[in-house]
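Fold and contact review
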Amino acid sequence: MAVLRTLARPLLASAFLSAGVQTVRRPELLAPVAAPVALAIADWIPFLPRDARALVRLNGAVHLGAGGLLALGILPRLSALALAASLVPTTLAGHAYWREEDAGKRMQHRVAFFANVSILGGLLITAADRG
């Protein structure tokens, strides 16, 4: 089982590392799409900035940091929980397929939405893993 964990954690983290690099570098590309969800979360959590671009960059930094820790097997349960918590708003903001008018785009977003839901399941399993 240890060999499996050693292989699975970096594989699970790879999506977050890749997306995190792009998001930290170019948050302005995602900020308009993320703004409604990001600003709503900032309303609930007073210490967060009220700037969509800064929130998107912060989310990318969480993906990089927690993804890196998960890939290295450092605090894997906590890292998985942090990634799971950040994945929910990311998915709701970026893949709200139910709002898409175009059938082709709706299908793409639905596939991406459920891919993220599947990744969320893997993160929750990782967070519960005591090995």
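By the naming in an unreviewed UniProt entry, the chain goes by DoxX family membrane protein and is assigned to Streptomyces ehimensis. Looking at the chain in UniProt, the text filed under Subcellular location (unreviewed entry) is "Membrane".

1. Concerning the overall build of the chain
What the chain contains, in helices and strands, is five helices and zero strands. When the elements of the chain are put in sequence order from the N terminus, they spell out α-α-α-α-α. Since a compact globule built from 131 residues should have a radius of gyration of about 14 Å, the 15 Å found for the chain is in line with a globular shape. Its C-alpha atoms put the chain at 45 × 35 × 25 Å along the principal axes. The burial tally for the chain puts 31% of its 131 residues in the buried class.

2. Some points on the pattern of salt bridges
Taken as a whole, this structure holds five salt bridges when the rule is applied. Measuring nitrogen to oxygen at the nearest pair gives 2.5 Å for the salt bridge that ties D129 to R5. One end of the pair, D129, is in the segment after α5 (103–128); the other, R5, is in helix α1 (residues 2–25), and 124 residues separate them in sequence. Notably, a salt bridge pairs R9 with D129, separated by 3.9 Å at the nearest N-O pair. Taken together, the positions of R9 in helix α1 and D129 in the segment after α5 put the pair 120 residues apart, joining distant regions of the chain. R9 gets classed as buried once you look at its relative accessible area, which sits at 15%. For D129, a relative accessible area of 21% puts it in the partly exposed group.

3. Some thoughts on helix α4 (residues 76–94)
With 19 residues, α4 should reach 27 Å at 1.5 Å per residue; the first-to-last C-alpha distance of 26 Å fits that figure. Among the residues of α4, those classed as buried are P76, S79, A80, L83, A84, S86, L87, P89, T91 and A93. Check the buried side of α4 and you find it contacts α1, α2 (31–44), α3 (52–72) and α5.

4. Quick look at the UniProt feature "transmembrane region" (unreviewed entry) in the chain
Per the UniProt entry, the sites bearing "transmembrane region" (unreviewed entry) are residues 55–74, 80–98 and 110–128 in this numbering. As annotated, residues 55–74 has a helix share of 90% and a strand share of 0%, and its two end C-alpha atoms lie 25 Å apart. Counting secondary structure, residues 80–98 comes out at 79% helix and 0% strand; the distance between its end C-alpha atoms is 27 Å.

5. Comments concerning the packing of aromatic side chains
By the definition in use, this model includes five aromatic pairs. A centroid spacing of 6.1 Å and a plane angle of 40° characterise the contact between Y97 and F114, whose relative ring orientation is tilted. Taken together, the residues span a long stretch of sequence, with Y97 in the loop between α4 and α5 and F114 in helix α5 at a distance of 17 residues. Classification of F114 as partly exposed rests on a relative accessible area of 41%.

6. Considering the side chain of S79
For S79, the location among the structural elements is in helix α4. The class for S79 is buried, based on a relative accessible area of 3%. Beyond its immediate sequence surroundings of up to four residues, S79 is in contact with A66, L69, L70 and I74.

Parameters at a glance
- Residues numbered from 1 in each chain as written.
- Predicted model: local features only at pLDDT ≥ 70, side-chain atom pairs only at ≥ 80, totals over all residues.
- Heavy atoms only, no water.
- UniProt positions renumbered as here; feature names shortened; annotations may be inferred.
- Helix = DSSP H or I, 4+ residues; strand = E, 2+ residues; numbered from the N terminus.
- Rg over C-alpha atoms; globule rule 2.2 N^0.38 Å.
- Buried < 20%, exposed > 50% of the residue type's maximum accessible area, 1.4 Å probe, protein only.
- Salt bridge = Lys/Arg side-chain N within 4 Å of Asp/Glu carboxyl O.
- Expected span 1.5 Å × (residues − 1).
- Contact = heavy atoms within 4.5 Å.
- Phe/Tyr/Trp six-rings, centres within 6.5 Å; stacked < 30°, edge-to-face > 60°.

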